[in-house]
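A look at the structure
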Amino acid sequence: MGAGRSDAEKRPKMPSTESKTIAKPTNKARRKAFLGAIVGHLIEWYDYGIYGFLAVYVGANFFASDDPAVGTISAFAVFALSFFIRPVGGMFFGPLADRVGRRKTLLLVISLMCGSTMLIGALPTMSSVGIAAPILLVLLRLIQGLSAGGEVSTVTAFISEYSKPEKRGFSTSLVLATAGVGLLLGAVVGNGITWMLGTEAMTEWGWRIPFLIAGPLGVVAVFIRLKLEDSPEFRDLQEKDMVAEAPLREVFRYPRQLLLMAAVITFLASGFYLVYTYFSTYLKTSLEFSPGRTFFYVLLAGIIGVVLMPISGMITDKLGSRRNFLLVVLALWAAAIVWFFSTAPSASPTGVLLPLIAVAVGMGLYCGSPYATMSELMPARVRSTGIALGYNIPVALFGGSAPLIASALIRQTGDISSPMYFFLATAVVSAVGLLFLRDKDLLGSDRFVAETTNSRQEGTKARSMD
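Everything numeric here is computed off the predicted structure, so don't read it as measured data.

Let us look at the overall build of the protein. In terms of helices and strands, the protein carries 23 helices and 0 strands. Looking at the 466 residues of the protein, the share that counts as buried comes to 55%. Carbon and sulfur atoms provide 66% of the accessible area of the protein, an area that totals close to 19,100 Å².

Here is the structure:
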């Protein structure tokens, strides 16, 4: 007997027809799972997004400079840094969810997120402790980034695996829509407190309040997620002894799927954070809108996006093919972005409103479908790991950096319409990915799994007859 493993031992385990199959969840079980996962996800994204809405005040307290723009850009650099660490979090939490389960991983990431967010609100500022203040801020934002890197991939896999195949577009659209609601909640809290307290009080101490709220919200989120049961597909993998032993290594057997996922997500990443994070700063600093008008415009755009995402998901469920729908709305969304940034330099506050609404409509229609696509690109045993890599890397490069790149472009060129070129470049990347996407690439779709299983069973019968 040799010490080496045979080729058969190295290959992923195939389903056993003798294994017990986990019963499909009831509608009541699905609703409970969706509600539990979604509420926790909302709180996670309130925690993560509130920093972006308070970047101006964070910059003033942690990055001292005579030029306010430098402080804001520094604050956005820390915002981007937390995104750059997300793939690292994905590489840890994604495989963890594929090994020990979605539920346990969701509990861990929400605890890390809420704890680090609350601690940001308690940090001493640079005027109190000097350079230690921005260092501590960076460390806590890195913890937030690690948590976010595991949250999206795990909750997407969880929701996808609980959803009915014919409603997967709608079900997974709720994940990003909920993230939008969480960010909107951050906008309401951040801009609302600014409106009540005024800029001076907000700069001195009011900025802490939205962060400190994360503590009690975290307790609620953990309690809710403790009540969840793991997804049917993961429990089925456990029952059949098919759980991946090394999902991070195994996922690289699907390079085409990873590349397609990253491409499709690229425009989603940049455009989503344009609406839910950068609009607030752009309207306030570049267009010099009042805090009240900025708050209203950001809230309006965010609500439009949140409402349209589930509608987009339902449309693609009816159409059957998401690829063509995504290509059409991508073109419309890109055109709306050109309209907005071309209009902004000379338009009045009311003149900007219509193109801003057009951007929000395009964002909502596009962002409602890619989560279903990326969940179907990966087989269940490495789904969380695959999403963690294919999603987090483009989000790190093009999502978290979007406010930083947009602010830097304006500072370098002096042209407040210059961010348009960055967002259009990301649209081109996604368009190329969608053009290469084929039905046979969807290895985790129910149709592909059924065809593979039937083919395998027919092969087994043929061999037995021989």
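As for its placement among the helices and strands, Tyr48 is situated in helix 2 (residues 27-53). For Tyr48, a relative accessible area of 1% corresponds to the buried category. Taking C-alpha positions, Tyr48 is 7.4 Å from Met113, a pair spaced 65 residues apart along the chain.

Now for the packing of helix 6 (residues 102-121) against helix 8 (residues 132-162). At a minimum axis separation of 8 Å, helix 6 and helix 8 run at an interaxial angle of 150 degrees. Looking at the two axes, helix 6 sits roughly antiparallel to helix 8. Helix-helix and strand crossings are classified by hand; for helix 6 and helix 8 the assignment is left-handed. In terms of residue class, the contact of helix 6 with helix 8 is built from 14 nonpolar, 7 polar and 4 charged.

Counting across every chain of the model gives 12 salt bridges. Arg235 serves as the salt-bridge partner of Glu229, at 3.9 Å between the closest nitrogen and oxygen. A single salt-bridge network, built from bridges that share partners, covers Asp98, Arg102, Glu161, Glu233 and Arg383.

Here we take up the packing of aromatic side chains. Tallying each qualifying case throughout the model produces 19 aromatic pairs. Each ring, one from Phe62 and one from Trp207, has its centre 5.5 Å from the other, and the planes form 85 degrees; the classification is edge-to-face. Of the two residues, Phe62 sits in helix 3 (residues 55-62) while Trp207 sits in the loop between helix 10 (199-206) and helix 11 (208-212), which places them 145 residues apart along the sequence. Judged on exposure class, the residue Phe62 and its partner Trp207 are both buried.

With that out of the way, let us pick up the nonpolar core. One finds Tyr282 and Tyr366 to be the most contacted residues of the largest nonpolar core, which totals 116 residues. Of the residues forming this core, the biggest block, 17 residues, is contributed by helix 15 (residues 255-286). Once residues within four sequence positions are removed from consideration, Tyr282 is found in contact with Leu287, Phe340, Phe341, Ala344, Ile410, Ile416 and Ser417.

When the terminal C-alpha atoms of helix 22 (residues 419-436) are compared, their 27 Å separation across 18 residues agrees well with the 26 Å that a helix rising 1.5 Å per residue should span. Among the residues of helix 22, those classed as buried are Pro419, Met420, Phe422, Phe423, Thr426, Ala427, Ser430, Ala431, Gly433 and Leu434. On its buried face, helix 22 sits against helix 15, helix 17 (322-343), helix 18 (349-367), helix 20 (383-399) and helix 21 (402-413).

As a further point, take the confidence of the model for the protein. With 89% of its residues at a pLDDT of 70 or more, the protein shows a mean pLDDT of 86. The spread of mean pLDDT over the elements of the protein runs between helix 1 (residues 7-10), the lowest at 42, and helix 22, the highest at 96. Scored below 50 in pLDDT, residues 1-11 makes 3 contacts in the model with residues more than four places away or belonging to other chains. Per-residue pLDDT stays below 50 along residues 453-460; that stretch engages in 3 contacts with residues further than four places along the chain or on separate chains.

Helix-helix packing: each pair is described by the crossing angle between the helix axes and the interaxial distance. For the pair helix 15 and helix 20, the least separation of the axes is 8 Å and the interaxial angle reads 40 degrees. Of the possible angle classes, the one that applies to helix 15 and helix 20 is oblique. Taken as a pair, helix 15 and helix 20 cross one another with a handedness that is right-handed. Taken together, the residues of helix 20 that come into contact with helix 15 (itself represented by Leu258, Met261, Ala262, Ile265, Thr266, Leu268, Ala269, Ser270 and Tyr273) are Gly386, Ile387, Leu389, Gly390, Tyr391, Pro394, Val395, Phe398 and Gly399.

Take a nonpolar patch on the surface next. On the surface, a nonpolar cluster with roughly 640 Å² of combined accessible area is contributed by Trp195, Met196, Leu197, Trp205, Ile209 and Ile213. Of the residues forming the nonpolar patch, the biggest block, 3 residues, is contributed by helix 9 (residues 168-197). You can see Trp205 is positioned in helix 10. On the basis of relative accessibility, which here comes to 45%, the residue Trp205 falls in the partly exposed class.

Criteria and cut-off values
- Residues numbered from 1 in each chain as written.
- Predicted model: local features only at pLDDT ≥ 70, side-chain atom pairs only at ≥ 80, totals over all residues.
- Heavy atoms only, no water.
- Helix = DSSP H or I, 4+ residues; strand = E, 2+ residues; numbered from the N terminus.
- Buried < 20%, exposed > 50% of the residue type's maximum accessible area, 1.4 Å probe, protein only.
- Areas by Shrake-Rupley, 256 points an atom, 1.4 Å probe, with all protein chains shown as cover.
- Axes fitted to C-alpha atoms, helices over the stretch in contact; angles between N-to-C directions.
- Parallel < 35°, antiparallel > 145°, perpendicular 65-115°, else oblique.
- Left-handed = near helix turned anticlockwise from the far one by under 90°.
- Nonpolar A, V, L, I, M, F, W, Y, C, P; charged D, E, K, R; others polar.
- Salt bridge = Lys/Arg side-chain N within 4 Å of Asp/Glu carboxyl O.
- Phe/Tyr/Trp six-rings, centres within 6.5 Å; stacked < 30°, edge-to-face > 60°.
- Core = buried A, V, L, I, M, F, W, Y, C linked by side-chain atoms within 4.5 Å.
- Contact = heavy atoms within 4.5 Å.
- Expected span 1.5 Å × (residues − 1).
- pLDDT = per-residue confidence, 0-100.
- Patch = residues over 30% accessible without salt bridge, like charges linked within 9 Å, V, L, I, M, F, W, Y side chains within 5 Å.

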